[in-house]
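Here's the letter readout for the chains.
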Amino acid sequence: MPPRTSARIKSSSAPPDGRRPRVTVTAAAGVVVLGFLVTLELVARRLGLPGPLTAQVREVVFPPKSGGLLYASMALMLVVLPWRQRFVALGAALGIDLVFFAVRWAAGIQVTEGHPFGNGALLVTLGCAVVAVTRRTGRERVLLLNGVGLALLLMAGRKTGDTWLLITSKTRPMVLDQYVATADHALGSPSWLMGRIVTATGSVGFNFLDFVYGQLPVAAVVVALYQLRNVAAERRFPKHYLVRTFLAIGVVGPAFYMIFPVVGPLFAYGNGTEHWVDVSLWTQSHPSVQWAVADLWPKTLSPVGAPHPMPFDGVTPRNCMPSLHTAWAVAIFIHSRKGPGVLRYAGAFWLVATLAATLGFGYHYGADLIAGVVFTLTIEGALRAYDRGWDRSGVLLVTHGAAVFTALLVSYRFLPLQMARHPWFYGPLLVLAMVSVVYAYVRTTAAWEPTATVPRQRKPLPEPA
């Protein structure tokens, strides 16, 4: 029979390691993300608000809201470059920022909002995109574009979150804080307890936790840089790393703000950020006592009664359920487990400090944190199950997490009074529900980890007589 030449040619031309399917999925994901950003831009403009794309384009010239985030995003892009080019890019970014500073100083422009640096990082990132299209070819072009896309996604993620928060405040006039605060009695109302503790620590305790709370994206970038440390040498990104989880949480999470709008105990039961004005180094006053149930937080527990939706102002974001700061801190903790000792301790510290801040500042109820933990493990499990091809264990893990998360939201909405009246039953039940998801995640992902098998030693055969 003649040899099957065509079959050999087809087989030899197939990309190794499934590269073509991965490129196709990446391209499809890019189209979906772009469509999402454009849709959010149009919705924001219709409400008279600045959209994420408009806000990001403004930062090419105007002072950025977070210069540190722009430099952290650029650092993620630099993982695809050799060390010499990294130093050149960093030097160019710093030089551009010096030029911007000099021009603003000469023109007498005062930076009243945002940071006086960061434009250079954004311009260098965009410049690398131009270099990738005009000067690179093949796999090198794809790799550099992946790095640029990663940086731009992190930048756009912050803008997307800001736009989401503005949309929630404009489109959800009624909030469900009374339901969550009532249900939170089953957990002992931990926000009230932590609020008194943080208040007692004064300026030192508040500003320390505020710094940790505000620099969560930077902590994520540090962990991601460790995970991506070999990209320049291997010329490819790993299959799963922290930034994917971080962005997925930021895209999916705010959708639940629209479904379950909650402003938090500081605003619904307190006097807003005015509570922290005397001890904060940079917090601006945002009073809400005129919209609050009463000025109770953190000294007096919220009353236990039949809850009902209540109107709230059109400024305060409805960004509590689930707690995405908790979700991101849990993601950082998970991804830092395979790093060196310093990174593991830092991940644990950031998780504990973030939980203390979210409760102690009055931004969240305890019920929000439980929902945030379950939400994160479900998202993380879904991403890892997708990489494995959705086997039975992955489907069961994600289904379990989604079912528990749904049950939490339903119970907060329809059973809060029963939960408050029977705390010794519902409190442990909420914790056990969360622990069941943690256990399922740990057990399932541990089984997914490759194990080194020691080859069996063959017994020597007896020699013939």
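Computed from a prediction, not measured in an experiment: that's the story for all the values here.

A. A look at the nonpolar core. In terms of nonpolar packing, the biggest core is built from 77 residues, with Phe-361 and Tyr-412 touching the most fellow members. Element by element, the count of residues in this core is highest for helix 16 (residues 366–388), at ten residues. In this structure, Phe-361 is in contact with Val-198, Phe-206, Leu-209, Asp-210, Tyr-213, Leu-266, Trp-276, Trp-297 and Ala-356, ignoring residues within four places of it in sequence. By size, the runner-up hydrophobic cluster in this structure holds 34 residues, among which are Ala-72, Leu-143, Ala-151 and Val-221.

B. Structural detail: the side chain of Lys-159. With respect to the helices, strands and loops of the structure, Lys-159 is situated in helix 7 (residues 138–171). With residues near it in sequence (within four places) discarded, Lys-159 still touches Pro-52, Ala-55, Gln-56, Glu-59 and Lys-65.

C. Representation of the environment of Leu-165 within the structure. Along the polypeptide, Leu-165 turns up in helix 7. Sequence separation between Leu-165 and Met-258 is 93 residues; the distance between their C-alpha atoms is 9.6 Å. Dropping the residues within four chain positions of it, Leu-165 is found in contact with Tyr-257, Pro-317 and Asn-319.

D. Structural detail: the pattern of salt bridges. According to the stated counting rule, one finds nine salt bridges in the structure shown. Put simply, Lys-159 and Glu-59 hold a salt bridge, and the shortest N to O gap is 2.3 Å. With a gap of 100 residues between them, Lys-159 in helix 7 and Glu-59 in the loop between helix 3 (52–58) and helix 4 (67–77) connect regions that are remote in the sequence. Side by side, Lys-159 and Glu-59 carry an identical accessibility label, which is buried. With a closest N to O distance of 3.1 Å, Arg-384 and Glu-449 form a salt bridge. Of this pair, Arg-384 sits in helix 16 while Glu-449 sits in the segment after helix 19 (423–448), and the two are 65 residues apart along the sequence. Because the salt bridges share partners, they merge into one network encompassing Lys-338, Arg-384 and Glu-449.

E. Local environment of helix 15 (residues 341–360). Relative to the 28 Å expected for 20 residues at 1.5 Å per residue, helix 15 spans 28 Å between its end C-alpha atoms, a close match to the ideal helical length. Every buried residue of helix 15 is accounted for by Leu-343, Gly-347, Trp-350, Leu-351, Ala-353, Thr-354, Ala-356, Ala-357, Thr-358, Leu-359 and Gly-360. Those residues of helix 15 hidden inside the fold are in contact with helix 9 (190–214), helix 10 (216–227), helix 14 (324–335) and helix 16. Gly-362 sits one or two positions beyond helix 15 and adopts a positive phi of about 80°.

F. Molecular detail of the packing of aromatic side chains. If you walk through the whole model with that rule in mind, you get 20 aromatic pairs. A ring pair is formed by Trp-83 and Phe-87, whose centres lie 6.0 Å apart and whose planes are at 35°; its orientation type is tilted. Here Trp-83 pairs with Phe-87, and both are found in helix 5 (residues 83–107), just four residues apart, close to one helical turn. Across the pair, exposure class does not vary: Trp-83 and Phe-87 are exposed alike. Here Trp-291 and Phe-312 contribute two aromatic rings whose centre-to-centre distance is 6.2 Å and whose plane-to-plane angle is 45°, an arrangement assigned as tilted. Here the residue Trp-291 occupies a position in the loop between helix 13 (265–268) and strand 2 (310–311), and Phe-312 occupies one in the loop between strand 2 and helix 14, the gap between them amounting to 21 residues. Through a chain of ring-to-ring contacts, three or more aromatic side chains come together here, namely Phe-206, Tyr-213, Trp-276, Trp-297, Phe-361 and Tyr-363. Here the basic side chain of Arg-58 rests over the ring of Phe-62, its NZ or CZ set 4.2 Å away from the ring centre.

G. Representation of the layout of surface pockets within the structure. Here the second largest pocket defines a volume of roughly 240 Å³. Considering the residues around the second largest pocket, the lining is formed by Met-74, Ala-75, Leu-78, Val-79, Trp-83, Arg-86, Phe-87, Leu-90, Leu-225, Leu-228 and Arg-229. Of all the secondary structure elements, the ones that give two or more residues to the lining of the second largest pocket are helix 4 and helix 5. Sort the elements by how many residues they give to the lining of the second largest pocket and helix 5 lands first, with four residues. Partitioning the lining of the second largest pocket into residue classes produces nine nonpolar, no polar and two charged.

Definitions and cut-offs
- Numbers given for residues are sequential positions, taken from 1 along each chain in its written order.
- pLDDT decides what is reported in this predicted model: residues at 70 or higher carry local features, side-chain atom pairs at 80 or more are listed and counted, and totals for whole chains, interfaces and linings draw on all residues regardless.
- Where side-chain values are given, they derive from all heavy atoms of the structure, hydrogens and water being excluded.
- In plain words, nonpolar cores are sets of buried Ala, Val, Leu, Ile, Met, Phe, Trp, Tyr and Cys residues tied together by side-chain atoms within 4.5 Å.
- Only protein chains enter the accessibility calculation, which uses a 1.4 Å probe. A residue is then buried if its area is under 20% of the maximum for its type, exposed if over 50%, and partly exposed in between.
- Runs of E in the DSSP output that reach at least two residues are strands. Runs of H or I that reach at least four are helices, and both are numbered from the N terminus.
- We call two residues in contact when some of their heavy atoms are within 4.5 Å.
- Any carboxyl oxygen of Asp or Glu within 4 Å of a side-chain nitrogen of Lys or Arg constitutes a salt bridge here.
- The span you would expect from a helix comes to 1.5 Å times its residue count less one.
- Two aromatic rings, drawn from Phe, Tyr or Trp (for Trp, its six-membered ring), form a pair once their centres lie within 6.5 Å of each other, and the interplanar angle then sorts them: stacked below 30 degrees, edge-to-face above 60, tilted otherwise.
- A ring is considered to have a charge above it if a Lys NZ or an Arg CZ atom is located within 6 Å of its centre and within 35 degrees of its normal.
- Within this scheme a cavity is a closed region of a 1 Å grid, computed over the protein atoms alone, that accommodates a 1.4 Å probe without allowing it to escape, whereas a pocket is open but has protein on both sides within 12 Å along at least five of seven lines; lining residues each have an atom within 4 Å of a point.
- Grid points are joined across faces, edges and corners, and a volume is the space filled by probe spheres set on the points.
- The nonpolar class holds Ala, Val, Leu, Ile, Met, Phe, Trp, Tyr, Cys and Pro. Asp, Glu, Lys and Arg form the charged class, and all remaining residues, Gly among them, are polar.

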